[in-house]
Amino acid sequence: MKCPRCKTADLKPTMIEENLPALGCGTCHGSLVSLVYYRHWAETQKPPPPGEAAGTAPAPEATDTTNAIICPKCGRLMTKHKLAGGVANRVDVCASCDEAWLDRGEWELLEALQLSHDMPSIFTDAWQRRIRRQMSDDIRRDILKRSVGDDAAGRVEAFKAWLGAQTKKSEIMAYLYRN
């Protein structure tokens, strides 16, 4: 079976973690992981100790295949799934074979983001929607900061949080819009 990224190197059996087999590429150092094996591995592992919140740990260096990848098992197009809003990397998944392609360093990135024990949640529509919403919010916040400055943007954010907790929110909004 050929590497979906290099297209010429053969995939060889390897271990990502103890009891988590994969097929690895010696050239690009990517790995094809069976999600069946992954789920078994995840069920037998202790949850990671509480540490930094997901997404706040410094991201290790990882490559990301930007072009489409074809599943080396069935030949179908693999779907890209974003890991987190502040991370460019995406995990490629074959819905037909239940296989995931991890580029070099992406497993370490999943561990740093505390996602290695719950990888299938990344592949859900709800996860992907949450990331898109987070990215949109970040873009709007950056636009506000550029428009009014950091101090004023901070005050707007504080007011927004206060307003969200008010039971008479619509009356407050109506008052503000009238003025």
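As the structure is a computational prediction, the values presented were derived from the model and not from experiment.

Colleague: A description of the pairing of strand 5 (residues 90–94) should follow, citing residues and the corresponding values.
Modeller: The buried fraction of strand 5 amounts to four of the five residues, a majority that puts the element mostly inside the structure. Pairing analysis gives four bridges linking strand 4 (residues 79–82) to strand 5, with the strands arranged antiparallel. Looking at strand 5, one finds that H81 is bridged to V91. As judged from the three bridges shared by strand 5 and strand 6 (residues 99–102), these two strands associate in the antiparallel manner. Within the sheet, the bridge partner assigned to V93 lies in strand 6 and is A100. Counted along the chain from strand 5 to the antiparallel partner strand 6, the turn is four residues long, and its residue D98 has a positive phi close to 60 degrees.

Colleague: So what's going on with the pattern of salt bridges? Which residues, and what values?
Modeller: Side-chain pairs of opposite charge can arise whenever the charged atoms involved come near each other. Tallying each qualifying case throughout the model produces nine salt bridges. A salt bridge links D137 to R140; its shortest N-O distance comes to 2.5 Å. Residue D137 and its partner R140 are both found in helix 3 (residues 125–148); the two are separated by three residues, about one turn of the helix. Since its relative accessible area comes to 29%, D137 is described here as partly exposed. By relative accessible area, which is 52% here, R140 ends up exposed. What emerges from the salt-bridge pattern is a single network uniting D138, R141 and E157.

Colleague: Lay out unusual backbone geometry in plain terms, naming residues and giving numbers.
Modeller: Here N19, not a glycine, exhibits a phi torsion of approximately 70 degrees, which is positive. Structurally, N19 can be placed in the loop between strand 1 (11–17) and strand 2 (20–25). The partly exposed category is assigned to N19, whose relative accessible area is 48%. Here D98, not a glycine, exhibits a phi torsion of approximately 60 degrees, which is positive. Locating D98 in the fold gives a position in the loop between strand 5 and strand 6. For D98, a relative accessible area of 23% puts it in the partly exposed group.

What counts, and where the lines are drawn
- Residues numbered from 1 in each chain as written.
- Predicted model: local features only at pLDDT ≥ 70, side-chain atom pairs only at ≥ 80, totals over all residues.
- Heavy atoms only, no water.
- Buried < 20%, exposed > 50% of the residue type's maximum accessible area, 1.4 Å probe, protein only.
- Helix = DSSP H or I, 4+ residues; strand = E, 2+ residues; numbered from the N terminus.
- Pairing = 2+ DSSP bridges.
- Salt bridge = Lys/Arg side-chain N within 4 Å of Asp/Glu carboxyl O.

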